[in-house]
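Working through the structure, step by step
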Amino acid sequence: MDRILIRGGRPLHGTVYVRGAKNAALPLMAAALLSGEPCVLHNVPCLHDVFTMDKILSGMGMRIDFTGRSMTLDASGVGSQEAPYDLVRKMRASFFVLGPLLGRFGKARVSLPGGCAIGTRPVDIHLKGLEALGACITIEEGYVVAEGRLKGADIALDFPSVGATENLLMAACRAKGVTRLTNAAREPEIVDLAEFLNELGAQISGAGTDLITVVGVDALGGAEHAVIPDRIETGTFLLAGVATHGDVTVQNASAEHLTSFLQKLHETGVEIEIAGQRIRARATNGFKSVDITTQPFPGFPTDLQAQTMAMLCVAEGASVIRETVFENRFMQVAELARMGADIDLDGNAAIVRGVKSLSGAPVMASDLRASAALVLAGLVAEKGETAVARVYHIDRGYERIEERLSALGADIQRVRH
Ligand code: UD1
């Protein structure tokens, strides 16, 4: 298994180009199931999660060509409506195929994703919504078996779940009549999905607000679409620059997708410059503590909580970080403590008291964003070497992170075994 070795204490400088958003690309790929014609996606990131979705869709008979950063998906020959356990267990986002399969074929058999490191993450909101659209759902041998021709309905989500909003949006495109989703998630990835579906011929309005209306259509065609920039990657690189007292500019970024994050960064004393698709962050006079509460969009993103914690470990003063989206998303804390961080956990809150510096240590990645936090802590550590094990978690969501950090001046390398 690969490890990432880091000798920290070097300020990062320079410009890094952010890739397409993983969390936008995955539902867009699944959405191609709805169309009988080829679809082309540009700015697709080369990530393990994208390869897993490719395997699931190819297994159903979709023809996929992924060259450079462009992907052509042709679902005209799809003959199977099954997503197997072996692939779904690797990635919860595999569950996105359920909505489009039901919408287009009126049937689907998709493995339940099961638990994961950051909580039990049930799929009840997805299933309740699909049932409201008229699907008959049973659970058989760990699989969700769904059948039925869908009809538009008014659906109020119990929580603005990103995945459930996306699944229901895709299913409703081909339902008969009008669907209204209230308390819908408002994340930029949902807006991107709705735009793509509309390009395919769907009739969706209100994406980006908490009320989305979908007028069902009989068929969807092909389209060409570019994936939005990855806001979490953007935030991670900016934090790497700031935490090491460097000066990093992220290119191809979208500041309006990161408003609450940038606001909090600004509150710590970091200077932020935004010019078109460039965001530059510098901590010329150091940075101080700040309190953070994660929330669904447009609130502070849970996917940047762990990385921000890594920076706050060496801020001046004490910060309180509250995690309200996931139940068990402080997996990085024990490892950060081994690097010298001073953090107390109290239920869904972490009290982070800033220390002067961290020291390198062998650490273990537990999930995608927690592992990015450990890499950031390794870059900050002024003494010793940090060896991050279980790097496959990072590869799920960051494309060759060590090469890109190294180009910014980090002493970082991947060791293969
Ligand atoms: C998506 C993102 C993930 C991000 C999360 C929240 C993708 C591929 N992943 O995950 O990176 O951290 O949004 O921004 O886009 N819940 C239920 N029942 C459900 C569905 C969700 O209780 O049916 C709960 C979850 O357990 C969790 C919360 O709702 O506590 C938020 O989950 P959700 O918004 O659905 O996240 P995902 O779509 O899984």
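Computed from a predicted model, the values in this text were never measured in an experiment. Residue numbers run consecutively from 1 along every chain, following the written order of its sequence. Where local features are concerned, this predicted model is filtered to residues with pLDDT of at least 70; where side-chain atom pairs are given and counted, the filter is 80 or more; whole-chain, interface and lining totals use all residues. Processing note: side-chain calculations cover all non-hydrogen atoms of the structure and skip hydrogens and water entirely.

**Structural notes on the site of the ligand**
Applied cut-off: Only heavy atoms are used to decide nearness, and a residue is near a molecule or strand if one of them lies within 4 Å of it. Throughout this description, a polar contact denotes any pair of N or O atoms lying within 3.5 Å of each other; where both atoms belong to protein, one of them has to be capable of donating a hydrogen while the other can accept it, and for residues adjacent in sequence the pair is counted only when both atoms sit in side chains. Accessibility throughout is a Shrake-Rupley quantity obtained with a 1.4 Å probe, and a residue counts as covered only by protein chains that appear here.
In the region of the ligand, 19 residues are neighbours, and Asp-124, Ile-125, Ser-161, Asp-303 and Val-325 sit closest. Asn-23 places a polar side-chain atom, nitrogen or oxygen, 3.0 Å from an oxygen atom of the ligand. Here an oxygen atom of the ligand and a backbone polar atom of Ile-125 are 2.7 Å apart. Protein burial of the ligand: of its 740 Å² of free accessible surface, 87% is covered by the chains.

**Regarding the domain arrangement of the protein**
Selection criterion: These domain limits were set by an automatic method or by a database of domain assignments. Residue contacts are defined here by distance: any two heavy atoms, one from each residue, within 4.5 Å place the two residues in contact. Using a 1.4 Å probe, buried area is obtained as the accessible area two parts lose upon being combined, added over both of them. Should a side-chain nitrogen of Lys or Arg be within 4 Å of a carboxyl oxygen of Asp or Glu, the pair is scored as a salt bridge. Gly is put with the polar residues, along with every residue not named as nonpolar or charged; the nonpolar set is Ala, Val, Leu, Ile, Met, Phe, Trp, Tyr, Cys and Pro, and the charged set is Asp, Glu, Lys and Arg.
Here the domain parsing of the protein yields domain 1 (3-19 + 229-415) and domain 2 (22-226). For domain 1 and domain 2, the distance between their C-alpha centroids amounts to 30 Å. Across the contact, 23 residues belong to domain 1 and 22 residues belong to domain 2. Carbon and sulfur atoms supply 51% of the area buried between domain 1 and domain 2, which totals about 2,000 Å² over both sides. For domain 1, the biggest contributors to the area lost against domain 2 are Phe-297, Arg-396 and Glu-399; these three give 30% of the whole. On the surface where domain 1 and domain 2 come into contact, there are three salt bridges. Viewed at the interface, domain 2 and domain 1 are joined by seven residue pairs in polar contact (both at pLDDT 80 or more). Partitioning the side of domain 1 that touches domain 2 into residue classes produces seven nonpolar, five polar and eleven charged.

**Here we look at empty space enclosed by the protein**
Note the following rule: Computed over the protein atoms alone on a 1 Å grid, cavities are sets of points where a 1.4 Å probe fits but cannot get out and pockets are open sets with protein on both sides within 12 Å along at least five of seven lines; a residue lines them when it has an atom within 4 Å of a point. Grid points are joined across faces, edges and corners, and a volume is the space filled by probe spheres set on the points. Numbering of helices and strands runs from the N terminus; a helix is a DSSP stretch of H or I covering at least four residues, while a strand is a stretch of E covering at least two.
This structure, assessed with the given rule, holds three cavities of 30 Å³ or more. Taken as a whole, the largest cavity holds about 50 Å³ of empty space. Contributing to the lining of the largest cavity are Ala-21, Asn-23, Glu-189, Asp-230, Arg-231, Ile-232, Asp-303 and Arg-369. Across the lining of the largest cavity, the residue classes break down as two nonpolar, one polar and five charged. Size it by volume and the second largest cavity reaches roughly 40 Å³. Around the second largest cavity, the lining residues are Phe-261, Lys-264, Leu-265, Thr-268, Val-290, Ile-292, Phe-300, Thr-308, Met-311 and Leu-312. Elements represented by at least two residues in the lining of the second largest cavity include exactly helix H9 (259-267) and helix H10 (305-312). Within the lining of the second largest cavity, the residues separate by chemical class into seven nonpolar, two polar and one charged.

**Quick word on the sheet that holds strand S6 (residues 82-83)**
We apply this condition: Here a strand pair is declared whenever DSSP counts at least two bridges between the two strands.
With respect to topology, four strands assemble into an open sheet ordered S6-S7-S9-S8, the strand pairing being mixed. Edge positions in the sheet fall to S6 and strand S8 (136-140), since each has one partner strand and no second. Summarising the sheet, strand S7 (residues 107-111) and strand S9 (residues 143-147) pair through five bridges and their orientation is antiparallel. Paired with Ser-111 across the bridge in S9 is Tyr-143.

**What about the environment of Ser-319?**
Counted only if it meets this: A simple rule labels every residue: compare its accessible area, found with a 1.4 Å probe on the protein chains alone, to the largest value its type can have, and call it buried under 20%, exposed over 50%, or partly exposed in between.
Residue position: Ser-319 is located in strand S19 (residues 318-322). On the basis of relative accessibility, which here comes to 0%, the residue Ser-319 falls in the buried class. For Ser-319, the residues in contact, after removing those within four places along its chain, are Ser-289, Val-290, Asp-291, Leu-312, Ala-350, Ile-351 and Val-352. Within polar-contact distance, the side chain of Ser-319 engages the backbone nitrogen of Val-290 at 3.2 Å.

**With respect to helix H1 (residues 22-31)**
Burial analysis of H1 places nine of its ten residues in the buried class, the great majority of the element. Among the residues of H1, those classed as buried are Lys-22, Ala-24, Ala-25, Leu-26, Pro-27, Leu-28, Met-29, Ala-30 and Ala-31.

**Points about the side chain of Ser-35**
With respect to the element layout, Ser-35 can be found in the loop between H1 and strand S3 (39-42). Polar contacts involving the side chain of Ser-35 include one to the main-chain carbonyl oxygen of Gly-221, which spans 2.7 Å. Residues contacting Ser-35, with those up to four places away along its chain left out, are Ala-75, Arg-104, Leu-220, Gly-221 and Gly-222.

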